[in-house]
Amino acid sequence: MDQKIFLAHAETGMGKTDAALSAALGAMLQLQPQKTILFLTPKNAQHQIALEVLRGLNEKFDLKLRVVDLVGKKYMCADEQVSEKEGRAFYEMCSKKKRFEACAFYGHSKGYDALGREKAKMGKIEFLKCMNEVFSSQEIKEEAESFQLGLEPFGLCPYESALELAKKANVIIADYFHIFSPGVAEQILPKLGKKPEDIILIVDEAHNLPERVRNLLSTSLSTFQLRKAKEEALFLNQKMLAEHIQLLQNTLQEMGENKLSNEKEISLKLNDFTEPTQKEIPHLEEMALDCERFGVDYLEKSQRDSSSLISVGEFLDAWSTEIEGQVRVLKRWNKQDEYSISLKGLDPSPITRKIFSTIHSALLMSGTLHPLEMYADILGVPKEKLRMGSYASPFESKNRLNLIVPTVTTQYTQRNENEYEKIAQHASQIANAIPGNSIVFFPSFALLENIGNRMVKMIPRPTIRQREGMDIAATQSLLQEFRSHANGFGSVMLACASGITLPNTFSHFLSASTAASSHAAMWPSYDASGHKWC
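For every chain, the first residue of its written sequence is number 1, and the numbers climb from 1 along that sequence. It should be noted that, the model being predicted, local features are given only for residues of pLDDT at least 70 and side-chain atom pairs only at 80 or more, the latter also being counted only at that level, while totals for whole chains, interfaces and linings use all residues. Only hydrogens and water are set aside; all other atoms, that is, all heavy atoms of the structure, feed into the side-chain values.

Comments concerning the packing of aromatic side chains
Classification of ring pairs uses Phe, Tyr and Trp, with its six-membered ring standing for Trp, and accepts pairs whose centres are within 6.5 Å; under 30 degrees between planes counts as stacked, over 60 as edge-to-face, and the remaining range as tilted. Counted by the stated rule, this structure contains seven aromatic pairs. On the numbers, 5.4 Å between centres and 80° between planes, the contact of Phe235 with Tyr298 is edge-to-face. Residue Phe235 is found in helix α13 (residues 223–235), and its partner Tyr298 is found in helix α16 (residues 284–302); the two are separated by 63 residues along the sequence. Burial status follows relative accessibility: with a 1.4 Å probe on protein chains alone, a residue under 20% of its type maximum counts as buried, one over 50% as exposed, and anything between as partly exposed. Given the relative accessible area of 49%, Phe235 is considered partly exposed. An aromatic cluster is defined as three or more aromatic residues linked by ring pairs; in this entry it consists of Phe273, Phe315 and Trp319. In our convention, an over-ring charge means Lys NZ or Arg CZ found within 6 Å of a ring centre and within 35 degrees of that ring's normal. Positioned above the aromatic ring of Trp319 is the side chain of Arg328, whose terminal nitrogen or guanidinium carbon lies 4.6 Å from the ring centre. The ring of Trp333 carries Lys331 above its face, with NZ or CZ at 4.1 Å from the centroid. Counting from the N terminus, the helices are DSSP H or I runs at least four residues long and the strands are E runs at least two residues long.

Here is the structure:
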């Protein structure tokens, strides 16, 4: 990791996480001044894998590491009412509560006056004393919420506490968002007291990075959203704001009717949307702030969890900003009178190139990072820093048993009760034939519900079911329950393929995995030692 950007394609099951963190720790301990390892994953659920590896290395070699698991502010929020808000609505509500000094947790962490700041300083010192190891975000949240200053209950903001811990951390586990979202890295790294050149970056499942950055660069606004936003403004008796929203809706409607004749979508320029409204709305940025501010009022008065006003404000703010790699699009939907304008991220390299040009070194790894040259080009990795490596699986292919059942399908147009019943029978037969723990993966929660309900009646062993919307704590509890059955008769977990990530150590607790997909593949898989695992 000598100031290079290394792209590694290594097949599943080779221990990429263990190898990457071991090498990075070795480099970190030798470099002066010492660097900080930033381990990024596309999903919060995947943080647990890195935490387990780091706990094992820390214990085995007595490294005395300080590791912080950093997730989004929403997932660490101690205010249950605020944490229920969706998307940008959460951040606006959080900001308002801090601004009006209404959040006791934030007040204990930062202080709202001189005395409060002094107590917050004392609380921070005491909190940091007891958090000097490897901690998950959930553990940090629980410790912060229940913290006492002396005998006084003194609950701290878990997110602010995690940031304080991260300032002293050797390793920070975080999300792609924290580094690759435009403007976020510029904010969060100074908060952590870190400079880009002090970062050793590891990007796990890096094949997801281009699309994730494109999504971070994309947003849209529709005539439907504008109608809902106008209703919210009138609910608040904000008549002028409602008139301005109606003007935007009329402008978008007229653009669609005039510019889209035979085409379904066309590209736009920034002024195509702003110029027609400039006389009545000279400053869209100010209107964006009004939408977001009144959107928070709407959330409080309506007791809703989301607001179209906030969505409109977020879009107007983004539309006014020029970012390289984006295209502006006008689109007609299936209904003739419904239109939308969008900012779509096409090229992630202007964002990623800046990161890779300034950090000390990076490792991007995945089991599907192929072809490497393509990903290097898409991500704009500087050629003078680029290194690449491809590693084949050491396991013999004959040890993997793949079974495909061609007589069933989950294709959307052919979904029916008969297909659900047949899939349930096939998957249950496999699970019942293999002793120990098994997992059945479904491509969606809807299929999990329809097929899983049938399987429960066909399997005599305990069944453990993943639920849509499970938070980190609930997911970890689910996995722990699954583990507990490994030494007995075993159990069967029903899970969504895109919604759960298994730690590396699960090969010791898993006998077989089955997938109910559009190709109806049913595969128990085996490693070189004969253990059957996913």
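Things to note about the sheet that holds strand β9 (residues 219–222)
One open sheet accounts for four strands, arranged β9-β12-β11-β10; its pairing is antiparallel. The open sheet has two edge strands with one neighbour each: β9 and β10 (265–268). Here the average twist between neighbouring strands, direction ignored, is 20°. Relative to strand β12 (residues 339–345), strand β11 (residues 326–332) runs antiparallel, the two sharing seven bridges. Its bridge partner being in β12, Gln326 is matched across the sheet by Gly345. Throughout, a residue-residue contact means that at least one pair of heavy atoms, one from each residue, lies within 4.5 Å. A fitted line through C-alpha atoms represents every axis, and for helices the fit uses only the stretch in contact; the resulting angles, taken between N-to-C directions, go from 0 to 180 degrees. Running at roughly 55° to β12, helix α17 (residues 308–319) makes contact with β9, β10, β11 and β12 of the sheet. The rule for pairing is simple: two strands pair if DSSP sees at least two bridges between them.

Observations concerning the nonpolar core
Remark: nonpolar core denotes a set of buried residues (Ala, Val, Leu, Ile, Met, Phe, Trp, Tyr, Cys) joined through side-chain atoms within 4.5 Å. Grouped together as the largest cluster of nonpolar side chains are 54 residues, with contacts concentrated most on Leu7, Phe180, Leu201, Leu209, Phe356 and Leu364. Among the elements that make up this core, the one with the highest residue count is helix α9 (residues 158–167) (five residues). Apart from the residues lying within four places of it in its own chain, the contact partners of Leu209 are Tyr176, Phe180, Val203, Phe356, Leu364 and Leu379. Listed in part, the 31 residues of the second largest apolar core include Leu241, Phe273, Cys291 and Trp319.

Details of the environment of Glu263
In this fold, Glu263 is placed in the loop between α14 (239–259) and β10. On the basis of relative accessible area, Glu263 is assigned to the partly exposed category, the value being 38%. Residues Glu263 and Leu38 lie 225 residues apart in sequence; the distance between their C-alpha atoms is 45 Å.

So, the environment of Tyr375
As for its placement among the helices and strands, Tyr375 is situated in helix α19 (residues 372–378). Residue classification places Tyr375 among the buried positions, given a relative accessible area of 11%. Separated by 169 residues in sequence, Tyr375 and Ala206 have C-alpha atoms that sit 9.0 Å apart. If sequence neighbours within four positions are ignored, Tyr375 has contacts with Leu7, His207, Pro210, Thr368, Leu369 and His370.

Things to note about the pairing of strand β13 (residues 361–366)
Of all six residues in β13, six are buried; the element is thus mostly enclosed. Side-chain alternation along β13 places Ser361, Leu363 and Met365 on one buried face and Ala362, Leu364 and Ser366 on a second face that is also buried. In the sheet, strand β8 (residues 199–203) pairs with β13 via four bridges, with the strands oriented parallel. Considered in β13, the bridge of Ile202 is made with Leu363.

Here's the deal with the pattern of salt bridges
The term salt bridge refers to a pairing of a side-chain nitrogen on Lys or Arg with a carboxyl oxygen on Asp or Glu at a separation within 4 Å. All chains considered together, the criterion is met by 30 salt bridges. Between Glu186 and Lys354 there is a salt bridge; the shortest N-O distance is 3.0 Å. In this pair, Glu186 is assigned in helix α11 (residues 184–191) and Lys354 in helix α18 (residues 349–358), connecting sequence segments 168 residues apart. A salt bridge links Arg465 to Glu449; the shortest N-O distance between them is 3.6 Å. Of this pair, Arg465 sits in strand β17 (residues 463–465) while Glu449 sits in helix α21 (residues 445–458); the two residues are 16 residues apart in sequence, bridging distant segments of the chain. With relative accessibility at 16%, the residue Arg465 sits in the buried group. Given a relative accessible area of 37%, Glu449 falls into the partly exposed group.

Brief notes about the confidence of the model for the protein chain
It should be kept in mind that the predicted coordinates are not to be read in detail where pLDDT is low. pLDDT runs from 0 to 100 and stands for how confident the predictor is about each residue. Across the protein chain, pLDDT averages 89, with 93% of residues at or above 70. Low confidence marks residues 519–534, where pLDDT is under 50. Its contacts with residues over four positions away, or in another chain, come to 59 contacts.

Re the sheet that holds β13
Hydrogen bonds along the backbone pair up the strands of a sheet, which may run parallel or antiparallel. Taken in spatial order, the eight strands of this open sheet run β4-β3-β7-β2-β8-β13-β1-β14, and their pairing is parallel. Each end of this open sheet is capped by a strand with a single partner; those strands are β4 (134–135) and β14 (386–391). Here strand β2 (residues 36–41) pairs with strand β7 (residues 171–175) via five bridges, running parallel. Considered in β7, the bridge of Thr41 is made with Asp175.

Remarks on α16
What a helix should span is 1.5 Å times the count of its residues minus one. For α16, which comprises 19 residues, the first-to-last C-alpha distance of 26 Å matches the rise-based estimate of 27 Å (1.5 Å per residue) to within 8%. Looking only at α16, the buried set comprises Leu284, Met287, Ala288, Cys291, Glu292, Phe294, Gly295, Val296, Asp297, Tyr298, Leu299 and Ser302.

Concerning the packing of helix α1 (residues 16–30) against helix α2 (residues 47–61)
The description of two packed helices rests on the angle between their axes and on the distance between the axes. One can describe the packing of α1 onto α2 by two numbers: an axis separation of 10 Å at closest approach and a directional angle of 55°. Considered as vectors, α1 and α2 are oriented oblique to each other. Between α1 and α2 lies a crossing whose hand is right-handed. Across the interface between the two elements, Thr17, Asp18, Leu21, Ser22 and Leu25 from α1 touch Ile49, Ala50, Val53, Leu54 and Leu57 from α2. In the scheme used here, Gly and all other residues not listed as nonpolar or charged are polar, with Ala, Val, Leu, Ile, Met, Phe, Trp, Tyr, Cys and Pro taken as nonpolar and Asp, Glu, Lys and Arg as charged. For the contact of α1 with α2, the per-class residue count stands at seven nonpolar, two polar and one charged. By the definition adopted for this analysis, an angle is roughly parallel if under 35 degrees, roughly antiparallel if over 145, roughly perpendicular if from 65 to 115, and oblique otherwise. What makes a crossing left-handed is the near helix being turned counterclockwise from the far one by less than a right angle; a clockwise turn instead makes it right-handed.

Observations regarding α1
Taking 1.5 Å per residue as the helical rise, α1 with its 15 residues ought to reach 21 Å, and the 21 Å between its terminal C-alpha atoms agrees with that figure. For α1, the complete set of buried residues consists of Lys16, Thr17, Ala20, Leu21, Ala24, Leu25, Ala27 and Met28. Buried residues of α1, viewed axially, fall in a sector of 165°; they line one side. Contacts from the buried residues of α1 go to β1 (5–10), β2, α2, β7, β8 and β13. Taken from the helix axis, the directions to the C-beta atoms give the arc we talk about.

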